[in-house]
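Structural characterization, general
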Amino acid sequence: MRALAYYKKQDIHYAEDLPEPVIGSPKELIIDVAFCGICGSDLHEYTEGPIFMPKDGQTHPLSNRPLPQPMGHEMTGIVREVGSGVTKVKVGDHVVVEAGCGCKDLPRWPQSKHHGKPQCAACEAGLDNCCEYAGFTGLGVVGGGFAERVVVGEYHAVPLPKDIPLDVGCLVEPLSVCWHALKLANFKAGSSALVLGSGPIGLATILALKAMGASQIVVSEPAKIRREFAEKLNITVFDPSEHGYDAVAELRKISKSGNGFDYAFDCSGIKPTFDTGLGAITYRGTLVNVAIWGKKLEFDPMDVTLQEKHFTGSIGYVVQDFEEVVAAIHKGDIKVDEIRHLITGKVNIKDGWEKGFLELMNHKETNVKILLTPNNNNELN
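Procedures and definitions
Counting restarts for each chain, with residues numbered from 1 along the sequence as it is written. Only residues with pLDDT of 70 or above have their local features reported here, since the model is predicted, and side-chain atom pairs are shown and tallied only from 80 upward, although totals for entire chains, interfaces and linings are computed over all residues. The side-chain quantities take in all heavy atoms of the structure and omit both hydrogens and water. Counting from the N terminus, the helices are DSSP H or I runs at least four residues long and the strands are E runs at least two residues long. By the convention used here, strands pair only if DSSP detects at least 2 bridges between them. Exposure is judged per residue with a 1.4 Å probe applied to protein chains only, and the accessible area is read against the type maximum: over 50% gives exposed, under 20% gives buried, and values in between give partly exposed. Note on handedness: a clockwise path from strand one over the helix to strand two, with the strands aimed away from the viewer, defines a right-handed crossover. What is meant by a nonpolar core is a set of buried Ala, Val, Leu, Ile, Met, Phe, Trp, Tyr and Cys residues, joined one to another through side-chain atoms within 4.5 Å. Two residues qualify as a contact provided that any one of their heavy atoms is within 4.5 Å of a heavy atom in the partner residue.

1. Points about unusual backbone geometry
Of the consecutive residues Gly 49 and Pro 50, the connecting peptide bond is found in the cis state with omega at 10°. Relative to the elements of secondary structure, Pro 50 occurs in the loop between α1 (40–47) and β4 (69–70). In the segment running from Leu 67 into Pro 68, the intervening peptide bond is cis, with an omega of 0°. With respect to the helices, strands and loops of the structure, Pro 68 is situated in the loop between α1 and β4. We note that Asn 64 has phi near 65°; this positive angle belongs to a residue other than glycine.

2. Side note on the sheet that holds strand β2 (residues 11–15)
The sheet built from three strands is open, its strands ordered β2-β1-β4 with antiparallel pairing. The open sheet has two edge strands, β2 and β4, and neither has a second partner. Bridge count for strand β1 (residues 3–8) against β4 is two bridges, and the pairing is antiparallel. Residue pairing in the sheet places Tyr 6 in a bridge with Gln 69 of β4.

3. Considerations on the pairing of strand β19 (residues 369–373)
β19 sits mainly inside the fold: five of its five residues count as buried. Across the two faces of β19 the burial is the same, with Lys 369, Leu 371 and Thr 373 and Ile 370 and Leu 372 all buried. Across two bridges, strand β3 (residues 28–37) lies against β19 in antiparallel orientation. Residue pairing across strands places Gly 37 opposite Leu 371, the latter belonging to β19. One ladder, built from five bridges, connects strand β18 (residues 343–348) with β19; its direction is parallel. Bridge assignment links Gly 345 to a residue of β19, and that residue is Ile 370. In the classification by handedness, the crossover that spans β18, the intervening helix α12 (residues 352–362) and the parallel β19 is right-handed.

4. Re the environment of Gln 10
Secondary-structure assignment places Gln 10 in the loop between β1 and β2. Placed 337 residues apart in sequence, Gln 10 and Val 347 show a C-alpha to C-alpha distance of 21 Å.

5. Here's the deal with the nonpolar core
Core analysis: the largest hydrophobic core is formed by 86 residues, its most contacted members being Leu 175, Phe 187, Ile 206, Leu 209, Phe 265, Ile 334 and Phe 357. Ranked by residue count, the leading element in this core is helix α4 (residues 172–184), at seven residues. Sequence-distant contacts of Leu 209, defined by excluding residues within four places in its chain, comprise Leu 182, Phe 187, Ala 193, Val 195, Ala 214, Ile 217 and Phe 265. Counting 14 residues, the second largest nonpolar core, distinct from the first, contains Leu 196, Phe 238, Ala 247 and Ala 280.

6. As for the pairing of β3
Where burial is concerned, most of β3 is hidden: nine out of the 10 residues are buried. Note: β3 against strand β5 (residues 74–82), eight bridges, orientation antiparallel. Counted as the bridge partner of Phe 35 is Thr 76 from β5.

Rendered as structure tokens:
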């Protein structure tokens, strides 16, 4: 099988001899991959990893699967084959894959060291995304969507109405990350929101906020090209580099209350954005960390306490988030044209390293989301 796969530390390359995925459990299915987006996490696996991927010579503790593995976890496809116990979808259906893996997948992997053991406390509580063994299809646990085909558990296959294009469907995954964050923050329609950073997750947060009825959305982003991406979504943009130490005060002034925002979402994960978000929310406002941090952060808890602010973090998603995002797109609450605005390239998996990974690493400012496809599925747009 043709795939762009992770072989070992700083070795990601295209190959044509990867093993074909096979159904190993009645509750599994195989999909022909249509498109799969390159995520920042995929880039980090090359530049800083292995992070989620097994280290050289090791296997993933959840699946016990070794390397190499096809990467890619933002995928859509068409159901090719179903196990005898699958009832959720049928051959020919379009699906988007919720890529999180955890305790619920253990029955699929009898070779796992954890097979047959009780679910972890998080999964017992229904918090799949906080699983003690959590990982992702296409990011360490099992092979993913930078391949011609992929095998997934029925639990993770979310039907995609055929009026939602398969390329657009790839953005359901990052949108679900942001949708989950808004729900976790108890976001209320009519509230004001500040988004820190307008990369892929920042832009997806904008779309989720619009769908959930935000009355004001402001994006703080120093890079001109990324501000322009955000501005095309008909929201207010703010350049913090023009204001220096006065940036927080200026942001509070432009909030609809004049006293700060009801919510702020840090989609960048650096100290300046955290400090800005915490400073720019109003009394009892909420700051949500959506970013993945590479360094520890020091802050004064009294900055939260004195104004009774709230600070929380959000990680990943659950299947319900995918279902709700798909429904929001289907209803038109999230516009297909606005989602498509985030897609800045489509590349065959054979060229995925040079025209996908390297393009994103070397020209990050001019790209949002590059999709890989096994067969140049442009006819599926």
